[in-house]
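This is what each chain is made of:
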Amino acid sequence: MCGIAGYVGPKNAVDVVFDQLKRLEYRGYDSAGIAYLQDDKIAVTKRAGKLSELGKVLFESPKQAELAIAHSRWATHGGPTDENAHPHYDQYERVAIIHNGIIENYLELKEHLIAKGHKFKSQTDTEVAAHVIGEEYANGVSLEEAVRLSAKRLRGAFALVVMSNTEKDKIVCTRNASPLVLGMGVGENLLASDIPALLPYTREVVIVEEHVVAVLTREGISLIDAEGRSLPVKTTHIDWDIASAERGGFEHFMLKEVHEQPQVMRQVVAGRIDEKSKIRLEGIFGENVWNEIDRVNIIACGTAYHAGLMGKHFFESVLRLPTDVYYSSEFRYGDPVLSPKSLAIFVSQSGETADTLAALKLCKDRRIRTLGIVNVIGSSIARECDRTIFTQAGPEISVASTKAYTAQVMVFALLGLYIAQVQEVPGVKVEEWADELLQMDGFAEQCLKLEDEIVTLAGEIKDMPLCFFLGRGADAFVAAEGALKLKEIAYIPTQEYPAGEMKHGPLALITKDVVSIFGATDPRIREKVVSNMKEVQARSGKVIAIVTEDDTLTEQAADHVVRIPKTKFEFLNALLAIVPLQLLSYHIARLNGCEIDQPRNLAKSVTVE
Ligand code: AGP
């Protein structure tokens, strides 16, 4: 995800925004640029590569400006080149914008604008947004009105920051799902995609709510809603130090990223579910392709593989679409049997996992259609796949993947519903599913409220010698992800298993010190899972159950019951169960003094075999 910065005030704005970009470098990027007012023109300097490349050109001669915006970019639409770097002008060079996120309907808008004679210099969705704003601005409205009207025409997750060479005293910005925060200073005001870029200048932060338009001048900050009505400006005092600011005030990136999941769930669906609860996935295969596909092969590693298991569950249980899931390392050497009408889906947070990339190349050699579900925009897997759906989870810093997992599973649900819509699969209530997906952020918020209970539970079981993660159906797939989390950050031996299989061997490992965590979120099979719990309890094993709040069966068979919200669909219940499991692994690791964000022997992106 990109870094965004902006300043208006008495200091040298170019120096300030360049410094802000440096404080956002940890987010990763592949090009950077700055726009600032010079006489009556907007000067733009931008370069592919690191900030040092931009600095070499920018500071060849002294710059003086009282207003500037700046951007560090993850390549999205179009590679990391000077032309594709932000800021981008509108068609009249009266406006310059920077943007973070993805504008899903940019192709449709671009065709419309080209038909009206617009010319584009880059391949980016951002330049299209700039022309849309330029078009609205040419009608003689204020800059904030042009931005407000333009935002209504854009679909997707985005944060937009705009300046002009006519209203030279203001910066205008707005957001839909992508992060954007404002800093209120004395005689100066700032904006950024993340709080660390504000703290050296001010600790008074204004959180921009979705669809709100903010206007920053030297004198102050004003806010208007999507209908143009003024809103009160509320500031929050941030007392974090810089290091903890990068962690959002949390002790570790992992905990920050677990708590970001409601926001991520909003970002995943932003622009992808329309007002009629229809699924809108731009830029993937045409309907004819979806009607032809006879099988899906999902290929991934680690957590992404576990997300793929959930994808299989959705495709087969909801769509009746045959689906296989492969470990990338097995697939690439396994000489797989692939139907020419199959679709290969590659799931990867980093988009750089060597085994997954190699498996992708194998499929391309066999001329199999390839679709990526990837978080890091501009990554190798995203570029190599025929089409890619971005999870829009934002940078995931902790080695242990959490928010990327939930985002990947949500994308599988969106994709499955999109296919159901196109194929008109009988019995699939797409609108009902879509409405429930739009509620997932609230359900996840409720799961996060279990943290105090989870901390107590972690204290009780943190010294266990072995932990089973068990379940049936989708709960068994979430169990696999829960087991990996505890393994990789608390270094506790874990074993995930279908609950019904315990009696075929693993039950031999049960002793009074061994803990078994059961996912029992599907009321249809809960009785069977309760029987499995009793098998463990009968052998003195400790049982923890994760159930939906309506459950009345598990008290009798569990030493501790964790209750999560009940959604309309068992698939989503199971997904929510990962939140308490993530928290449990985190707090056990924390209480045991483990490293957490950089676990021993592991890397965030395994770019070697
Ligand atoms: C999960 O917590 C680990 N970080 C690891 O299993 C990871 O999911 C795996 O290496 C795949 O990475 P990717 O999603 O970037 O391809």
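I will try to describe carefully the structure that is included in this document. The shown structure was predicted, so the numbers you read here are calculated from the model rather than taken from an experiment.

Quick look at the overall build of the protein chain now. When you go through the protein chain residue by residue, the secondary structure sums to 21 helices and 25 strands. Against the compact-globule benchmark of 25 Å for 609 residues, the protein chain has a radius of gyration of 25 Å, which places it among compact chains. On the principal axes, the C-alpha backbone points of the protein chain span a range of 80 × 55 × 45 Å. Relative to its 609 residues, the protein chain shows a buried fraction of 62%. Of the contacts made within the protein chain by residues no fewer than 6 positions apart, 71% connect residues no fewer than 24 positions apart. Of the roughly 22400 Å² of accessible surface on the protein chain, a fraction of 49% belongs to carbon and sulfur atoms. Here the protein chain carries 67 positive and 84 negative side-chain charges, and the mean point of each set is 2 Å from the other.

Within the secondary structure layout, Gly 416 lies in helix 14 (residues 403-423). With a relative accessible area of 0%, Gly 416 lands in the buried category. Apart from residues no more than four positions distant in its own chain, Gly 416 is found in contact with Phe 314, Phe 315 and Leu 319.

Our next topic: the packing of aromatic side chains. Across all of its chains, the model carries 10 aromatic pairs by this definition. Measuring from centroid to centroid gives 5.8 Å for Phe 315 and Phe 412, while their planes differ by 75°, and the two rings are edge-to-face. Taken together, the residues Phe 315 in helix 10 (residues 302-319) and Phe 412 in helix 14 connect sequence positions 97 residues apart. When sorted by exposure, Phe 315 lands in the same class as Phe 412, which is buried. On the basis of an interplanar angle of 70° and a centroid distance of 5.0 Å, the ring pair of Tyr 326 and Phe 331 is categorised as edge-to-face. Across the ring face of Phe 120, the terminal group of Lys 110 is positioned such that the distance to the ring centre comes to 5.2 Å. The ring of Tyr 491 carries the charged tip of Arg 600 above its face, separated from the ring centre by 3.7 Å.

On to the pairing of strand 4 (residues 67-73). Of all 7 residues in strand 4, 7 are buried, a share of seventy percent or more. Where burial is concerned, the two faces of strand 4 agree: the one with Leu 67, Ile 69, His 71 and Arg 73 and the one with Ala 68, Ala 70 and Ser 72 are both buried. Relative to strand 4, strand 1 (residues 3-8) is paired through 6 bridges, and the arrangement is antiparallel. Counted as the bridge partner of Tyr 7 is Ala 68 from strand 4. As paired strands, strand 2 (residues 31-38) and strand 4 are joined by 6 bridges and run antiparallel to one another. Residue pairing for strand 4: Tyr 36 is matched across the bridge by Ala 68.

Another aspect to go through is the sheet that holds strand 24 (residues 542-548). Reading across the sheet, the 5 strands line up as 22-21-23-24-25 and stay open at both edges, with parallel pairing between neighbours. Each end of this open sheet is capped by a strand with a single partner; those strands are strand 22 (494-498) and strand 25 (560-564). Looking at each pair of strands side by side, their axes are set apart by 20° on average, direction ignored. When strand 21 (residues 467-471) meets strand 23 (residues 515-520), the two strands line up parallel, connected through 5 bridges. Pairing of Phe 469 across the sheet is with Ile 517, part of strand 23. Along the sheet face, helix 19 (residues 526-537) touches strand 23 and strand 24 and points at about 175° away from the line of strand 23.

Quick notes on the rules
- Residues numbered from 1 in each chain as written.
- Predicted model: local features only at pLDDT ≥ 70, side-chain atom pairs only at ≥ 80, totals over all residues.
- Heavy atoms only, no water.
- Helix = DSSP H or I, 4+ residues; strand = E, 2+ residues; numbered from the N terminus.
- Rg over C-alpha atoms; globule rule 2.2 N^0.38 Å.
- Buried < 20%, exposed > 50% of the residue type's maximum accessible area, 1.4 Å probe, protein only.
- Contact = heavy atoms within 4.5 Å.
- Areas by Shrake-Rupley, 256 points an atom, 1.4 Å probe, with all protein chains shown as cover.
- Lys, Arg positive; Asp, Glu negative; His and termini not counted.
- Charge placed at Lys NZ, Arg CZ, Asp CG, Glu CD.
- Phe/Tyr/Trp six-rings, centres within 6.5 Å; stacked < 30°, edge-to-face > 60°.
- Lys NZ or Arg CZ within 6 Å of the ring centre and 35° of its normal.
- Pairing = 2+ DSSP bridges.
- Axes fitted to C-alpha atoms, helices over the stretch in contact; angles between N-to-C directions.

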